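Given next are the chains, with one letter for each unit.
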Amino acid sequence: MNFLYTLFQDGGAAIISSTTAAFALAAIGLNVHFGYTGLVNIGQAGFMLLGAYGFAIVVEQGGGILLGVLAGLAAAAVFALILGIPTLRLRGDYLAIVTIAAAEIIRIVGGDQSLAPLTGGVAGIPNAKYSDQFIALSPFPKAGLFTFGPWTYPYSAGNSWWLSLVGWALALLAALVVFLLFRSPWGRAIKGIREDEDAVRSLGKNVFAYKMQSLVLGGVIGALGGIVFVLGASVQPDALGRTTTFLLYTVLLLGGAATVLGPILGSFLYFIFVVWLQDVVAQFVPSTVMNSSQIPQFTYILVGAGLMLLVIFRPQGILGNKKELSFGA
Amino acid sequence: MREPIAPRRRAHRIRLLGIALLAAAGVSLAAVAPAMAATPSPTPTPTNTVVQSATITAVPQCTVDPALGCVAGTLNDGNGNGVKGVTISMSDAGSDAASTVTNAEGHFAFKVSQNGLYTLTLKTSTLPSGVKAAVTQRKVQAVVGALRAAFFELSGSFKGSKATTSTVPTTFIGTAGQLAAQGLLLGLLLALASIGLSLIYGTTGLSNFAHAEQVTLGGFMAYSFGTVLGLPFILAALAAVVVGAASGYLQDRFIWGPLRKRGLGLTQLMVVTIGLSFAAEYVFQYFYGSQVQSVSSGVQLNTGPLNITPAAYWSMLVSIVVLVLVGLALQRTRIGRAARAVSDNRALAAASGIDVDRVIRLVWTVAMGLAALSGALYALVYGGIQWSTGVQILLLLFAAVTLGGLGTAFGALVGSIVIGLVVQLSTLFLSNNVKYATALFILILVLVFRPQGILGRKERVG
């Protein structure tokens, strides 16, 4: 009984967490790319990291929070343009290759010691250097804890109720934007490109421009996810590497690509799965069989295998429609 | 393409599920075996041999032979100069011991005739004044037939230590020459892996994002067979190639082949390779930890006209020989020509009687074997292997095949050499970390100006 309560408490905490919201946001951005447009972007973590750097550096250097957010989003938009111009006219593989490479480069350059005055090198930028203004915006008390049921978090500072609220509000807003956009003529053209690029081109549409708009839009939503992510943690290049991108694919394909709520549902389920797996292993598996540093590794092995099985056997995920995902065939 | 919905589809699906799980288990099993060997295994002590009176002998230079193991090392002042006149002694668990004094190059060596755990001690009073050793005692697991390195890290002020030694060229041209040699070496190692990547793309249309993990697998197999099981490096590398090739065969047999038959789209297949790469990375971490595992066969000094280590010369030679063999096989043999035909036009090849599935299976097997060889040599030349080694060169591999022309084997070779040279030479101007960015820069330039690559045929790629 006690164990079931732990599961309930940890599962709820996974849903409340701003990290879950950040992943949901980034997955919504990836959904615009992969689910709706059929663009294989394997560098979504790079967009997140750029958003985080843009935001944190501008705020740290004395720009306001608004300017910081704008800088983060602009950095992601420029990144999308740089990656899109050479690749979007070519076969889809090239975008995949260039995005995975560019995201790694952002991570490596961000961690390079020569940029340490701005980026803090590998150690990154600590949370306290850029989160003050965000905390100041909170309508709740600036200090103290608030308890809701079994969950206790600070009101405003750090990993707070305020941050979770903002994160989830942004995620829902992004989902709403995606919902409205993809029932508009623009969205229909985008989905048409995913199904048959040449058919859309023969109707006189500028396929390249549509793809580029999609890449920028998804990247900017990803950058927003990155900002929410680092408001609950610190800016560390290695925290937003390839692993994050792969997790986003799992989140997206689990919930259902090309659906409005798929990324959010996927994010819930993924993070609940992670904490429950940890709880179960901690409870039932002796540490001689699996030590504590092996638990996350084991989780990721399952995630990788799960991603393969998902794509093969249920590419539409939980909420998706299989007919929508016949692209690339 | 819509698949006909047939009643046997369900059975097929369940079998596929079983197969995919099996394959995942296979990958983990391959890693389990060496990891189990890595856990403190009892030292193999021969039971019926006469106890020899002197198992340890100090020697000026130690050469490994089947009956002798070596423990050797070099004391270094941090500027590449040897520290001479330091007494180092070595003892076993019993009463056997020997001691030696480092020579003018700072080198010391012991030979042993029995496997076992030995203790090396550095006599601190013999160190130059003002110099300290971080650790003065070291335990080394010596193995007969292998060379084991022993390091002592020194710090402090060295009298008369110069920042450079005569063997390292200091002029710009000299440095550039040395970097070019390094670049050629890197390019050859990349070529071993990228030819397979390109052939797989050519014959199946798939960009295999898990290819880099095959390179890592090769490195870890060389570590498992060489360092853990104590085989000589050549045998360990051969074993790595066999394991790699077997993993390629099994992958095509149980994952890629069935998925091709199912008609899964290339985009989905690409995401499957991403999942595989992700799972493999963490399988490596699970069993080998996240630190660098050393495959090095001892301390080696840079020598010869290219100023690189002997291991690097051998690696270059092996790479060139293997690449020439692969090239000859592609040009001259029946199956090689068939592979090129499938790569050129799959439907036409099938129509002219080529067994396309057999060719593709062979391509997977050979490609993964070559990737494993690349990983084993990479681990040897660069001192060790880590779960992320493959990830680091994935970008270089893709830049190389794109530059050469996706799908062309010889293009991959040319592209790899160019990328290897550019990446190493870029360190003349850029920090070591950022050098990989030059590969991305080249990649983008190629895509803008010549998307078909150097040797690719001009056709619609969009």
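Residues numbered from 1 in each chain as written. Chains lettered and ligands numbered in written order. Predicted model: local features only at pLDDT ≥ 70, side-chain atom pairs only at ≥ 80, totals over all residues.

**Q** Please give an account of the sheet that holds strand β9 (residues 147–149) of chain B that cites residues and values.
**A** The pairing of strands in a sheet happens through backbone hydrogen bonds and is either parallel or antiparallel. Residues and elements named next belong to chain B. In space, the 4 strands of this open sheet follow the order β1-β5-β2-β9, with mixed pairing throughout. Across the chains shown, the open sheet's two edge strands, defined by having one partner strand only, are β1 (56–59) and β9. When the angles between neighbouring strand axes are averaged without regard to direction, this sheet yields 25°. (Pairing = 2+ DSSP bridges. Helix = DSSP H or I, 4+ residues; strand = E, 2+ residues; numbered from the N terminus. Axes fitted to C-alpha atoms, helices over the stretch in contact; angles between N-to-C directions.)

**Q** Quick one: what's the story with the sheet that holds strand β3 (residues 87–91) of chain B, residue by residue and with numbers?
**A** Residue and element names in this part refer to chain B. Spatial strand order, β4-β3-β6-β8: 4 strands in an open sheet with antiparallel pairing. The open sheet is flanked by β4 (97–101) and β8 (137–142), the only strands paired with a single partner. Adjacent strand axes in the sheet meet at a mean angle of 25°, parallel and antiparallel pairs treated alike. Where β3 and strand β6 (residues 116–122) come together, 4 bridges link them in antiparallel fashion. The residue of β6 that forms the bridge with Met90 is Leu120.

**Q** Tell me what's going on with the confidence of the model for chain B, and back it up with residues and numbers.
**A** Residues and elements named next belong to chain B. Per-chain confidence: chain B averages 78 in pLDDT, with 78% of residues scoring 70 or above. Below pLDDT 50 for its whole length, residues 1–53 participates in 44 contacts with residues either more than four positions away or in separate chains. This model gives residues 160–169 a pLDDT under 50, and the stretch forms 15 contacts once residues within four places in sequence are excluded. Both scores are given for the predicted complex: the pTM is 0.77, the ipTM 0.89. (pLDDT = per-residue confidence, 0-100. Contact = placed C-beta atoms within 7 Å.)

**Q** Give me the lowdown on the environment of Ala210 of chain B, citing residues and values where you can.
**A** All names here are of chain B. In this structure, Ala210 sits in the loop between α2 (172–204) and α3 (211–228). Exposure remark for Ala210: the 23 C-beta atoms within 10 Å place this residue in the buried category. Remark: the alpha-carbon pair of Ala210 and Val272, spanning 62 residues in sequence, is separated by 9.1 Å. What Ala210 contacts, discounting residues up to four positions off in sequence, is Thr273, Leu276, Ser277 and Ala280. (Buried ≥ 20, exposed ≤ 12 C-beta atoms within 10 Å, placed from the backbone.)

**Q** If you had to explain the interface of chain A and chain B to someone new, which residues and values would you point to?
**A** Tallying the contact residues gives 43 residues for chain A and 43 residues for chain B. At the level of elements, α4 (65–87), α5 (92–111), α12 (242–255) and α14 (294–313) of chain A are the ones that each hand at least two residues to the side of chain A that touches chain B. Residue contributions to the side of chain A that touches chain B peak at 14 residues, all from α14 of chain A. Among the residues making up the side of chain A that touches chain B, the classes are represented as 29 nonpolar, 8 polar and 6 charged. (Nonpolar A, V, L, I, M, F, W, Y, C, P; charged D, E, K, R; others polar.)

**Q** I'd like to hear about the pairing of β4 of chain B, residue by residue, with values.
**A** Consecutive side chains of a regular strand alternate in pointing toward one face of the sheet and then the other. All names here are of chain B. In the sheet, β3 pairs with β4 via 5 bridges, with the strands oriented antiparallel. Paired with Thr87 across the strands is Val101, a residue of β4. Connecting β3 to the antiparallel partner β4 that follows it, the hairpin turn spans 5 residues.

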